[in-house]
Amino acid sequence: MSKQIRFNAFEMNCIAHQSPGLWCHPQDRSREYKDLEYWTDLAKILEQGVFDGIFLADVLGIYDVYQQSAKQALTGAVQVPVNDPLQLIPAMAAVTKHLGFGVTTSISFEHPYPFARRISTLDHLTKGRVGWNIVTSYLASGSKNLGLSNQVSHDERYDIADEYLEVLYKLWEGSWENDAVLADKKTGVFADFKKVHPIQHKGKYFEVPGIHICEPSPQRTPVLYQAGASGRGQTFASQNAECIFIAAPSKIATQSVVKSIRQKLIENGRDPYSAKIYALLSIVTDDTDEKARAKFKEYQSFASYDGALTLLSGWSGVDFSQYQSKDKVEYIQTDAIQSLLDSYVNADPARIWTIEEIANWIGVGGNGPVLVGSAQTVADELQQWVEDTDVDGFNLAYILAHQTFQDVVDFIVPELQKRGVYPHQYSEGTLREKLFNSEAHLPNWHRGATYRTGQTAPTSAFKKVI
Ligand SMILES: Cc1cc2nc3c(=O)[nH]c(=O)nc-3n(C[C@H](O)[C@H](O)[C@H](O)COP(=O)(O)O)c2cc1C
């Protein structure tokens, strides 16, 4: 039987997300990002297309690595201005019944205690449709505005993330027992005081003595997403993530990172398929291959070269304005996203990229590949990608808001459904139940489950499930 394919939509609460310059296209709507209708219209399109969810990226800094200045980012609206992603979710939830919401926040920019409450609130309001993309961030400009002289080093950010998660698991999983809430109007007892536990957390980075301030939400812990693919990032993912988002420019690079993640999951005692892996990709489609190619060519004419290098420099932590456009790109270790240059340089050493080539590549669809063609052509390619790379699905970036997603829903989804590789409808339940056909709460083998009902340390982090 052919492998199933899943879609997420990749978005961000800003103008030009993964395709810098395309906001100038007459049909692009991303300038409307400040309007609720922009988001509710999108949510309805995605639910019509049975997307697993909308995945909202976020940064709290400005892309000022390129030319060591914020000029290009501001001039070209390169992921700035950027509004808060969490506040979009209730509006989108109100016009949908099933769509999931994977929201990005960084462990570097908010204390886990108020963060736990913000996520629990969303999980209540959406009836359990919330996921959290755990990032450690990469822009030093963000850290500086929070009073740090510079960004904490790459691997230490993951150490902080480990403890951040420990605090959250204690709050979400361990603080309130399942039957703590009585809500008994006759006796006037709302909560059984003895069943709500202060978490007494005292660690290297955080001190949280009290209880979780929210009663348990449908999923307790949101579905956990992760998007860092360095060695340290993969270790963190294999200990926490239920869904993993990767971005690589080629099939070979994607194959290599998927293989490495599945191996890391096994090393941590997990089923290699217990985390769903979504690869970044964009689709340009139309009635015929010819029309789709013409569309793509037109889109390319709007791509911003400086905008692309602004993104590349911010993601990688390397100022690419100091090189010539024909220079070959080499791997440079930085404190930003280490897996980024790795996916261009090391994952497929036979493919040599110049700076100009990467800039043109990123200009339409960011780091991910762009599939161009009729529904039949693109569906063939998607199936081949899944076969060749072992991904579970795709995190689809838009090129034109919302035309790209509307085209996918009108052309690609019906073709995949006809082939029996894409769902016709949602299953019931929370996001976790829909994705894994499981319980609403974290599975018993998960690290977070070891913190339930007063247990304070992970004694058996993972049970082998393969
Ligand atoms: C595909 C992908 C998407 C990411 N999205 C975000 C994001 O929206 N916001 C953010 O602060 N970091 C984001 N990151 C950064 C990482 O999740 C990570 O915490 C950090 O930069 C280190 O990444 P590394 O382990 O690949 O070196 C992303 C990384 C990747 C690979």
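Residues numbered from 1 in each chain as written. Predicted model: local features only at pLDDT ≥ 70, side-chain atom pairs only at ≥ 80, totals over all residues.

J.: Now, about the overall build of the protein chain: what can you tell me, with residues and values included?
T.: A count of helices and strands for the protein chain gives 15 helices and 13 strands. Radius of gyration (C-alpha) of the protein chain: 22 Å, near the 23 Å computed for a compact globule of 466 residues. For the protein chain, the spread of C-alpha atoms along the principal axes amounts to about 70 × 50 × 45 Å. In the protein chain, buried positions account for 53% of the 466 residues. Taking all contacts inside the protein chain whose residues are at least 6 apart in sequence as the whole, residues at least 24 apart take part in 76%. (Helix = DSSP H or I, 4+ residues; strand = E, 2+ residues; numbered from the N terminus. Rg over C-alpha atoms; globule rule 2.2 N^0.38 Å. Buried ≥ 20, exposed ≤ 12 C-beta atoms within 10 Å, placed from the backbone. Contact = placed C-beta atoms within 7 Å.)

J.: Can you tell me about the site of the ligand, naming the residues and giving the values?
T.: By nearness alone, 22 residues border the ligand, and Ala-57, Gly-228, Ser-230, Gly-233 and Ser-339 come closest of all. Those elements that place two or more of their residues in the shell around the ligand are strand E3 (100–106), strand E10 (243–246) and helix H11 (338–345). Residues that form the shell around the ligand fall into these classes: 11 nonpolar, 10 polar and 1 charged. (Near = placed C-beta within 6 Å. Nonpolar A, V, L, I, M, F, W, Y, C, P; charged D, E, K, R; others polar.)

J.: With reference to specific residues and values, describe the packing of helix H1 (residues 36–48) against helix H14 (residues 403–418).
T.: Where H1 contacts H14, the axes come no closer than 9 Å and their chain directions differ by 20°. In terms of orientation, H1 lies roughly parallel with respect to H14. Between H1 and H14 the crossing geometry is left-handed. Along its contact with H1, which presents Leu-42, Ile-45, Leu-46 and Gln-48, the element H14 presents Phe-405, Gln-406 and Val-409. (Axes fitted to C-alpha atoms, helices over the stretch in contact; angles between N-to-C directions. Parallel < 35°, antiparallel > 145°, perpendicular 65-115°, else oblique. Left-handed = near helix turned anticlockwise from the far one by under 90°.)

J.: Which residues make up H14, and what are the values?
T.: Each turn of an α-helix holds 3.6 residues, which means side chains three or four residues apart point in the same direction. Taking 1.5 Å of rise per residue, the 16 residues of H14 would be expected to cover 22 Å, and the 22 Å separating its terminal C-alpha atoms lies within 8% of that figure. At Val-409, H14 shows its maximal kink, close to 35°. Among the residues of H14, Thr-404, Phe-405, Asp-407, Val-408, Val-409, Phe-411, Ile-412, Val-413 and Leu-416 are the ones counted as buried. Once H14 finishes, Gly-420 follows within two positions and takes phi at roughly 75°, a positive value. (Expected span 1.5 Å × (residues − 1). Bend = angle between axes of the 7 residues up to and from the residue.)

J.: How would you explain unusual backbone geometry if you had to name every residue and give the values?
T.: The residue after Val-80, namely Pro-81, is reached through a cis peptide bond having omega 0°. Residue placement: Pro-81 occurs in the loop between helix H2 (71–75) and helix H3 (89–94). Cis geometry is adopted by the peptide bond preceding His-402, which originates at Ala-401 and carries an omega value of -15°. When you line up the elements, His-402 lands in the loop between strand E13 (393–397) and H14. Backbone geometry at Gln-79 places phi at a positive 50°, although glycine is not the residue there. Within the secondary structure, Gln-79 sits in the loop between H2 and H3. Accessibility expressed as a C-beta count within 10 Å gives 26 for Gln-79, which makes it buried. Although it is not a glycine, Lys-127 adopts a positive phi angle of roughly 55°. Looking at the element boundaries, Lys-127 is found in the loop between helix H4 (112–125) and strand E4 (130–135).

J.: So what about the packing of helix H6 (residues 154–174) against helix H7 (residues 231–240)? Which residues, and what values?
T.: With their axes 10 Å apart at the nearest point, H6 and H7 run at an angle of 10° to one another. On the basis of their axis angle, the class for H6 and H7 is roughly parallel. Contacts between H6 and H7 involve His-154, Asp-155, Tyr-158, Ala-161, Asp-162 and Leu-165 from the former and Arg-232, Gly-233, Phe-236 and Asn-240 from the latter. Class assignment for the residues of the contact of H6 with H7 results in 4 nonpolar, 3 polar and 3 charged.

J.: Quick one: what's the story with the environment of Leu-122, residue by residue and with numbers?
T.: Along the polypeptide, Leu-122 turns up in helix H4. Exposure remark for Leu-122: the 22 C-beta atoms within 10 Å place this residue in the buried category. If sequence neighbours within four positions are ignored, Leu-122 has contacts with Leu-86, Ile-89 and Val-130.

J.: Outline the pairing of strand E2 (residues 53–57), listing residues and values.
T.: Look at any regular strand and the pattern is simple: side chains alternate between the two faces of the sheet. Of all 5 residues in E2, 5 are buried, a share of seventy percent or more. Neither face of E2 is exposed, since Gly-53, Phe-55 and Ala-57 on one face and Ile-54 and Leu-56 on the opposite face are all buried. Pairing of strand E1 (residues 6–12) with E2, which is carried by 5 bridges, proceeds in the parallel orientation. When the bridges of E2 are listed, Phe-10 appears paired with Phe-55. On the question of chirality, the crossover connecting E1 to the parallel E2 by way of H1 is right-handed. Where E2 lies against E3, 4 bridges are found, and the strand directions are parallel. In the strand pairing of E3, Gly-53 is matched with Gly-100. (Pairing = 2+ DSSP bridges. Right-handed = clockwise from strand over helix to strand, strands pointing away.)

J.: Break down the environment of Thr-235 for me, citing the residues and quoting the values.
T.: Turning to its location among the elements, Thr-235 is positioned in helix H7. Of the residues examined, Thr-235 has 17 C-beta atoms within 10 Å and is grouped as partly exposed. Sequence spacing of Thr-235 and Phe-10 is 225 residues, and the spatial spacing of their C-alpha atoms is 24 Å.

J.: For the confidence of the model for the protein chain, give the residues involved together with the corresponding values.
T.: Residues of the protein chain with pLDDT of at least 70 account for 97%, and the chain-wide mean is 94. Throughout residues 454–466 the model reports pLDDT below 50, and contacts reaching past four residues in sequence, or to other chains, amount to 24 contacts. (pLDDT = per-residue confidence, 0-100.)

J.: Just give me the short version of the pairing of E1, but keep the residues and values in it.
T.: Across the 7 residues of E1, 7 count as buried, placing the element largely inside the fold. Taking every second residue as pointing to the same face, both faces of E1 are buried, with Arg-6, Asn-8, Phe-10 and Met-12 on one and Phe-7, Ala-9 and Glu-11 on the other. Note: E1 against E13, 5 bridges, orientation parallel. When the sheet's bridge partners are listed, Phe-7 is paired in E13 with Phe-394.

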